[in-house]
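# Observations on the model geometry
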Amino acid sequence: MSVLIFSGFKGYIVCFAIENRSSESVLRCSAVFFLLLDCAFQFQSDLEKMSLFPAYADQAKNLEESERPVTNEEWLENSSFKPHLIVNPPNENSISIESSDDDIVEEISVPKKRKKDKKKKHHRAKDSKTTERQVQEPELNQNFSLDLTQTRELLTVNTITRPAVAKYRVQYYLSERTRNRKHRFKRYFTQSRNKSTESDKEESKEQTLTKQNLDKVGFAKKDANFTGFRQEEELSRRTAHFNRNLTDNPTDVQMWLKYVEFQDTVYQFEKSYRKGSIAKAQRVLAERKISILDKALTNNQGNEQLLRERLRVAVSAFPADELQTQLKTVIEKEKDNIVLWQGYIEATQCSMAHCNSPAVLALYIECLSTMHKLRRTTVSEKYIFEQGILRTLFQCGLFLKQAGLFEQLWTVLKMYLELNLTSSNKAIFNVERYCNEKELLELEEVVLNSQLPHHELWLRVEKLREACHWLPRMGDQDCEDPQRIVFNEDVVELIHPITSPENIFKLVATILTLLKVPFLPCRHSTMQDLGLDYVPWCLDSIETLLPVFLPMYSIDISNKNLLRDTNRLAVGPQYIKALPGQEEYLSLIMAVMESCAECLKNQDQLAVRIWWFKFQRLLIILDVQGIFKIPPNFKKKIKTNVKDLLKREEYRNNEIFYVEYALIEKLFGNNDQCMRILKTALSMNQNTSIQPENWTETQTNQCFLYRILVEVTIELKQENVKDSVLELLVKLVLQRQITGVTNGLIMEAETKFNIVTTALLDMELNNLKAVEHFLPDFLTEWIICNGWFIFWSKGPLKAGSFLENAISTLEAKSVGLSFQIEVLHEFYCSILFKYCVENPGSGIFKMLDKVLFKSIEKYPNNLYLLAVLAKEQSLTKNMGISAWKVQDLLLKSGRAVATIFTLFLSDLVRLEHENAITDSITENYR
C-alpha cells in the first residue's frame, strides 16, 4: 500500500511517502505528522514575536496593535463608516463580565426579575440556568463577542431548514388583566388526585346528586343569550319525555328505537353549537346509542329489532377486527342467537381485509352445525332452530351466488331438495340443462376478433361464460376450469335436514328465491315470515324487483320508464336478457318448480302451483310491455303446460287454477274467453250461504271468484260498469241470482255486508302461516268486496272511512295479523289512486299521499305499494320539496328495496320531464 500525504508549510509543499503499510499504520503516521506540523506553526509564531530577531521586529509590533481591543469610539471614527449615531449610556441593569485571561469587559443586558406565580417557578429556574450557562461561556473563548439578543425574524424565514433556525420560548400577553381560573364542578364520579381532608370528604358527600338533595343543590344559571338556547331547551324537554316514558314502560321497543333515533338530533345540535372533532363526536354518538340499546336489551331480552339496530350502530363505531372480537365473545355465551351469528358472519364477509371464500364458508358451516346441535337437544324450540338454519342457508346461498360459485350453490340446493322433499325418487332433481358449448365458443371467437380494448374483451367473454356456465360438470367430463367440478363431499357440511312440516314450504321458497324467482305478489309480511327481510345485500339481481309490473285491483300501474335498464342490470345466469343460456336457465327454473310441486302435498303443493302460474303470467306481462323477450319455444309451451295441468284428475275442479288460466287468456287478448272461464269456475262452486264463523274453503274460493270477476269487469271498462259491478256484489252477499239492481237490493246487500263484516272483525282471528300468504283468505277477500261495494255505491271517501275502521280494529286485536292489514292497505291505496286518475281535480291526491306514505313507512318491502308510488310520481312529476319528502320516506325505512327505489324514482321523474319537453319552433314533443 502506498500513500502520499501533502501539506503546505510557509509556501513549501512537504510530501511524505509511506509504502507497504497497513491502514492503521497510515492513520498513526498521519496523526504524528499533523502534530509535528502544528508545533512548527507555533514555533514560527513565537519567532516572529521575539525581538531577538530584528528582521521580525516590525511584524511583532503590528501584531500587538492589531490584537489590542478596539473601542466603540475608534470604530465609529473609521473612514469607511461615519454615521451620526448617538451612543447610549450603559444600562443600570447591565452587569459587566470580566474575562480572567485578557481583562475583557463586556456588558450584557439582563432584565429585572419580576414576581411570578408559583406555577411559573420551574420556568424561572430553567431560564436562570440558561443565563448562567450563557454568561460563563465567554471565559472559554476570548476571540468572539456573545450575542444574547433574540432575532425573531429568523423564525419567519422559509428558506432555512428547521435545524438551522434558532428556537426561542416566546410568551405573548394580550392584556395586563389577571386571568381567572375556571373552577371545576365536583361530580359524583370524580376522584381528587390529592389527598383530601375529612372536611373535604364530608363536603363532597353532601354535594353528591341524589333524589333527596336535588332541590338543595345550586346549579349555574342558564344563559338565555346563548344562540341555541331554545333548541337546547327543546332537546332537554324531549329527553325528559323519553326518560319518563321508558321508565314507566321499559318494554316499549318502538319507544327505545325512537330514543336511539333522537340521538342523531342531539348530535346535530352539538355539531352546530359545540366545538370538537367531528370524527370523535361520531364515535361518541355511536357509543351513546350502544349504551341505550344495551339498556333496552336488558328489559327486552332477545328482541330482534333491538339486536339488529345495535349491530348496525356497532358496525359504524368499531373497526372490523374489533367488532369480530366482540361478537365472537358474545356468541360464545349465546350460541342460540341467530341474529348475533348473522352479525358475526357479516363482520367478516363485509370486510375487504378479512373476506375470502374459505373463511366465510367456514363460519357458515360453524353456524349451521351449532344450530343443528342445539336443535337435537331440544324439543320445544326445534321449529325456531330450523328457521335459523333456513335463514343461514339463504345468506350462504347469496354469498355463493355473488362470489361466482353458482356450481356450488346449485349442488347445495339440489342436496337440500333431495334430502327433505323426496323419499323414493332421488333423481327427480337431476336437471341437466347444459348450454351449447360449440355456440358459446363461436361467440367468444367473434368477441375476441372484434379488436376491442383488453378490458372490454375480458368483460364480454366473462358475461357470456357466466350466462352459460352455472351447472357443475361431472368428474369424467373434460373441463378447463376445475372450479366447475363440484362433488357432494365439497359441500356436505352445509347440508342439514328440515324435519318440521311447517318449514318445508319455507325451504322451497328460500331455494326458489335463490334461483331468482320473485315473490308474486311481493309483500313485506311474507318476506318477514320467511326470514328473507334482514339481508341488506339480497338485491343482487333485477329479477327481485319484477313484481312491480304485476297489476292488481284493476288499476294500471304499467310504466315504460320504470326499470328501463332491465337488460343492463341483469346478471347471469338470468332469463331476462336475450343471451346464450337464457332459455336453458328458464327451463331449469320451471322444471324445479314443477318438481317441488310434485313432491309437496296439500296447501304447500297448491301454493307452489299458484306461484308457478303467476310467474308465467308475469313473463307474459313483461313480454307485452317490451321489457322481456320470451323465447319462441317457451311462449308456445305456456298454454300447453297450463292446459295439461288442468286436465289432471286432481285439478279439474280447482277454481283458483281456472282463475289464473283466465287471467293468462286475458293477457293474450282473449277477453271474452277470460270472462267465460271465470263464470264457468263460479258455476262449479257449490257454496250456498255466507258464514262469518268457521268458513270453508269453498266459501273462500267463491268470494275470491266474485272479487276477480269484479276487478276484470272494471278493467275491461265495459258499458254500465257500475251496474255490472254492483250486480255481482249483490249476488255474492245475498247468495241468489238477480237480474238488474234496484235501490231495495242495494240497501239489503248493504245491511248484509255490515252484519257479516262486523262479525268478522269482532271474532278471534288466527295468524296466517307463510304458505297461506299465497292462497286466498276469506277475511281480506270479503272486506275487499265490501270496499268495492261502498266505493261504487257511496264514493271513495265512505270507502276510505270503512277501510280505516277495519284496519284500526285489526291492529288493536293482535300483532300477528300483519298480512291481512297489509293487503287492506294495498286495496285502500288502489281505490284512492283509481279515483284520482279518473278525477284529477277532485282534491283526493293529498289523501292518497297521506295513506300511501303511511303504508310504505309500515311495509317498505311491498313492491305493489312502491309501484303505485312510482305511477303517481310519473303523473305528477313532483320535484323540489315533494320529491324530497318521497326520498326521505324511502331512505328512512332502512330496507334495500325501498332505498334502491329512490334512484329509480328520481330517474323516472327526469325521463318524464324530458318526454314532456316541446320544441318551440316545430311544437312537437321530443
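Not measured: the values here are computed from a predicted model. (Residues numbered from 1 in each chain as written. Predicted model: local features only at pLDDT ≥ 70, side-chain atom pairs only at ≥ 80, totals over all residues. Heavy atoms only, no water.)

## Here's the deal with the overall build of the protein chain
Helix and strand content of the protein chain: 35 helices and 4 strands. Contacts in the protein chain between residues far apart in sequence, at least 24 positions, make up 65% of those at least 6 positions apart. Carbon and sulfur atoms make up 51% of the accessible area of the protein chain, which amounts to about 55600 Å² in all. (Helix = DSSP H or I, 4+ residues; strand = E, 2+ residues; numbered from the N terminus. Contact = heavy atoms within 4.5 Å. Areas by Shrake-Rupley, 256 points an atom, 1.4 Å probe, with all protein chains shown as cover.)

## So, unusual backbone geometry
Note the cis peptide between leucine 520 and proline 521, where omega equals -10°. On the secondary structure map, proline 521 appears in the loop between helix 18 (502–514) and helix 19 (524–529). The peptide bond linking glycine 572 to proline 573 adopts the cis configuration, its omega dihedral lying at -5°. Positive phi, close to 55°, is recorded for leucine 563, a residue that is not glycine. On the secondary structure map, leucine 563 appears in the loop between helix 19 and helix 20 (566–569).

## Observations concerning the nonpolar core
In this structure, Phe615, Trp782, Trp788 and Phe901 are the most contacted members of the largest nonpolar core, which totals 244 residues. Among the elements that make up this core, the one with the highest residue count is helix 22 (residues 602–624) (13 residues). If near-sequence neighbours (up to four positions away) are discounted, tryptophan 788 is found in contact with Tyr553, Ser554, Val710, Glu711, Ile714, Leu729, Phe827, Ile831 and Lys834. (Core = buried A, V, L, I, M, F, W, Y, C linked by side-chain atoms within 4.5 Å. Buried < 20%, exposed > 50% of the residue type's maximum accessible area, 1.4 Å probe, protein only.)

## Quick notes on the state of the cysteines
On inspection of all chains with the given rule, the structure shows 0 disulfides. Just so you know, cysteine 350 is unpaired, no disulfide at all, and the nearest cysteine sulfur is the one on cysteine 355, 7.8 Å from it. The class for cysteine 350 is exposed, based on a relative accessible area of 55%. Not engaged in a disulfide, the cysteine cysteine 522 finds its nearest cysteine sulfur in cysteine 538; these two sulfurs lie 9.1 Å apart. On the basis of relative accessible area, cysteine 522 is assigned to the buried category, the value being 8%. (Disulfide = S-S within 2.5 Å.)

## Remarks on the packing of aromatic side chains
We describe a pair of aromatic rings using the distance from one ring centre to the other and the angle between the two ring planes. Counting across every chain of the model gives 25 aromatic pairs. Members of the aromatic cluster, connected to one another through ring pairs, are Tyr553, Trp788, Phe791, Trp792, Phe827 and Tyr864. Here the basic side chain of lysine 639 rests over the ring of phenylalanine 668, its NZ or CZ set 5.1 Å away from the ring centre. (Phe/Tyr/Trp six-rings, centres within 6.5 Å; stacked < 30°, edge-to-face > 60°. Lys NZ or Arg CZ within 6 Å of the ring centre and 35° of its normal.)

## Digging into the side chain of arginine 391
In this fold, arginine 391 is placed in helix 13 (residues 382–402). A relative accessible area of 15% places arginine 391 in the buried class. Those residues in contact with arginine 391, other than ones at most four positions away along the chain, are Glu304, Arg308, Ile338, Gln342, Gly531 and Tyr534.

## Observations regarding empty space enclosed by the protein
Left-over empty space is what a probe sized like a water molecule reveals as it rolls over the atoms. Scanning all chains against the criterion turns up 2 cavities of 30 Å³ or more. In this structure, the largest cavity occupies an estimated 590 Å³ of space. Put simply, the parts of the chain that give the lining of the largest cavity at least two residues each are helix 22, helix 24 (655–667), helix 26 (697–716), helix 29 (778–794) and helix 31 (818–838). Within the lining of the largest cavity, the residues separate by chemical class into 20 nonpolar, 3 polar and 10 charged. Taken as a whole, the second largest cavity spans an internal volume of roughly 200 Å³. Around the second largest cavity, the lining is made up of 16 residues, and of these Phe394, Thr513, Phe519, Cys538 and Thr544 lie nearest the centre. (1 Å grid on protein atoms, 1.4 Å probe; cavity = no way out; pocket = protein on both sides within 12 Å on 5 of 7 lines; lining within 4 Å. Points joined across faces, edges and corners; volume = space filled by probe spheres on them. Nonpolar A, V, L, I, M, F, W, Y, C, P; charged D, E, K, R; others polar.)

## Considerations on the packing of helix 11 (residues 338–349) against helix 13
Orientation of helix 11 relative to helix 13, taken along the N-to-C sense of each, is 15°, at an axis distance of 10 Å. Here helix 11 is positioned roughly parallel relative to helix 13, judged by the angle of their axes. Crossing of helix 11 over helix 13 shows right-handed handedness. From helix 11, Ile338, Gln342, Ile345, Glu346 and Gln349 reach across to helix 13, where they touch Gly388, Arg391, Thr392, Gln395 and Phe399. Among the residues forming the contact of helix 11 with helix 13, the class breakdown is 3 nonpolar, 5 polar and 2 charged. (Axes fitted to C-alpha atoms, helices over the stretch in contact; angles between N-to-C directions. Parallel < 35°, antiparallel > 145°, perpendicular 65-115°, else oblique. Left-handed = near helix turned anticlockwise from the far one by under 90°.)

## A look at the packing of helix 24 against helix 26
Packing of helix 24 against helix 26 leaves a shortest axis separation of 10 Å and a crossing angle of 10°. Comparing their axes, helix 26 and helix 24 come out roughly parallel. Across from Glu655, Ile656, Val659, Leu663 and Lys666 in helix 24, the residues of helix 26 making contact are Asn701, Phe704, Leu705, Ile708, Val712, Glu715 and Leu716. Partitioned by chemical class, the residues of the contact of helix 24 with helix 26 number 8 nonpolar, 1 polar and 3 charged.

## Digging into the pattern of salt bridges
Under the defined criterion, the tally for this structure stands at 30 salt bridges. Here arginine 707 makes a salt bridge to glutamate 711, at a shortest N to O gap of 3.0 Å. With arginine 707 and glutamate 711 both in helix 26 and 4 residues apart, the pair spans about one turn of that helix. With a closest N to O distance of 2.8 Å, lysine 834 and glutamate 838 form a salt bridge. Residue lysine 834 and its partner glutamate 838 are both found in helix 31; the two are separated by 4 residues, about one turn of the helix. Note on glutamate 838: relative accessible area 47%, which makes it partly exposed. Counted as one network, the salt bridges with shared partners bring together Glu304, Arg308 and Arg391. (Salt bridge = Lys/Arg side-chain N within 4 Å of Asp/Glu carboxyl O.)

## Points about the confidence of the model for the protein chain
When pLDDT is averaged along the protein chain, the result is 79, and 73% of the positions lie at 70 or above. Every residue in residues 47–53 scores below 50 in pLDDT, and together they form 9 contacts with partners more than four places removed in sequence or on other chains. (pLDDT = per-residue confidence, 0-100.)

## Some words on helix 30 (residues 796–813)
Its 18 residues place the ends of helix 30 26 Å apart at the C-alpha level, agreeing with the 26 Å of an ideal helix rising 1.5 Å per residue. Every buried residue of helix 30 is accounted for by Pro796, Ala799, Gly800, Phe802, Leu803, Ala806, Ile807 and Leu810. Considered in projection along helix 30, the buried side chains sweep an arc of 160° and stay on one side of the axis. Along helix 30, the residues that are exposed and aim more than 90 degrees away from the buried face are Leu797, Lys798 and Ala812. Here the buried face of helix 30 lies against helix 28 (743–762), helix 29 and helix 31. (Expected span 1.5 Å × (residues − 1). Arc of directions from axis to C-beta.)

## Things to note about the environment of phenylalanine 628
Residue position: phenylalanine 628 is located in the loop between helix 22 and helix 23 (632–646). C-alpha separation for the pair phenylalanine 628 and asparagine 567, spaced 61 residues apart in sequence, amounts to 8.3 Å. Beyond its immediate stretch of four places on either side in the chain, phenylalanine 628 contacts Tyr575, Ile576, Gln582, Leu586, Leu619, Leu622 and Asp623.

## With respect to helix 32 (residues 845–858)
For helix 32, spanning 14 residues, the distance from its first C-alpha to its last is 20 Å, which sits close to the expected 20 Å at 1.5 Å a residue. Residues Leu848, Val851, Leu852, Ser855 and Ile856 constitute the buried set of helix 32. In an axial view of helix 32, the angular spread of the buried residues amounts to 130°, which keeps them on one side of the axis. Of the exposed residues in helix 32, the ones pointing more than 90 degrees away from its buried face are Lys846, Lys850, Lys854 and Glu857.

## Comments concerning the environment of alanine 662
Following the sequence through the fold, alanine 662 ends up in helix 24. Taking the relative accessible area as the measure of exposure, alanine 662 reaches 0% and is therefore buried. Beyond its immediate stretch of four places on either side in the chain, alanine 662 contacts Cys674, Ile677 and Leu678.

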